[in-house]
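Coordinates in review
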Amino acid sequence: MKLYFEPRMWGIDTGNEELMALTPEFLDSFIDNAKVFEKINFDPQVLADLVMEFSSAEERTQALMERYHVSRDQALLAQRLPLCESPLYFFKEEYNRQMERLKCLRQIVQEVATISV
């Protein structure tokens, strides 16, 4: 059995609307990329300031990478995360709970993959 997800709901821009397989590796990568919210101190004003300062998404990505020492994927996630998901990542307490949820989901996905083999 495989689980699938809609990429844009996870802040991923694939250029199409196809569902992607939810894998432990994807969840590991997402959890690592979500650390960007810690690095910007859970402050959405950081992103708002970048929007005001730079006209292109690429310039904002580069500025975020340079100023906060984050990876490209982390910078893109911070900018592309859907607004409806932002409360899960921009509030420290909720962020910590969300990271635990994602780790639990990763374990479940791993168990499902193991059973399916």
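Higher on the page you've got the structure.
This one's a predicted model, so the numbers in the text were calculated from it and none came from an experiment.

What to know about the environment of Glu93
Positionally, Glu93 belongs in helix α6 (residues 92-116). Between the alpha carbons of Glu93 and Lys35 there is a distance of 14 Å; along the sequence they are 58 residues apart.

What about the environment of Arg8?
Within the fold, Arg8 resides in the loop between β1 (4-5) and β2 (20-21). For Arg8, a relative accessible area of 48% corresponds to the partly exposed category. For Arg8 and Leu102, which are 94 residues apart along the polypeptide, the C-alpha to C-alpha distance reads 17 Å. Beyond its immediate sequence surroundings of up to four residues, Arg8 is in contact with Glu17 and Pro82. A polar contact of 2.6 Å, which involves the side chain of Arg8, links it to the side chain of Glu6.

A closer look at the packing of helix α1 (residues 24-33) against helix α5 (residues 72-80)
Where α1 meets α5, the closest approach of the two axes is 9 Å, and the angle between their N-to-C directions is 80°. As judged from the angle between their axes, α1 and α5 are roughly perpendicular. Every residue of α5 that contacts α1 at Phe30, Asp32 and Asn33 is listed here: Asp73, Gln74 and Leu77.

What counts, and at which threshold
- Residues numbered from 1 in each chain as written.
- Predicted model: local features only at pLDDT ≥ 70, side-chain atom pairs only at ≥ 80, totals over all residues.
- Heavy atoms only, no water.
- Helix = DSSP H or I, 4+ residues; strand = E, 2+ residues; numbered from the N terminus.
- Buried < 20%, exposed > 50% of the residue type's maximum accessible area, 1.4 Å probe, protein only.
- Contact = heavy atoms within 4.5 Å.
- Polar contact = N/O pair within 3.5 Å; in protein donor to acceptor, adjacent residues only side chain to side chain.
- Axes fitted to C-alpha atoms, helices over the stretch in contact; angles between N-to-C directions.
- Parallel < 35°, antiparallel > 145°, perpendicular 65-115°, else oblique.

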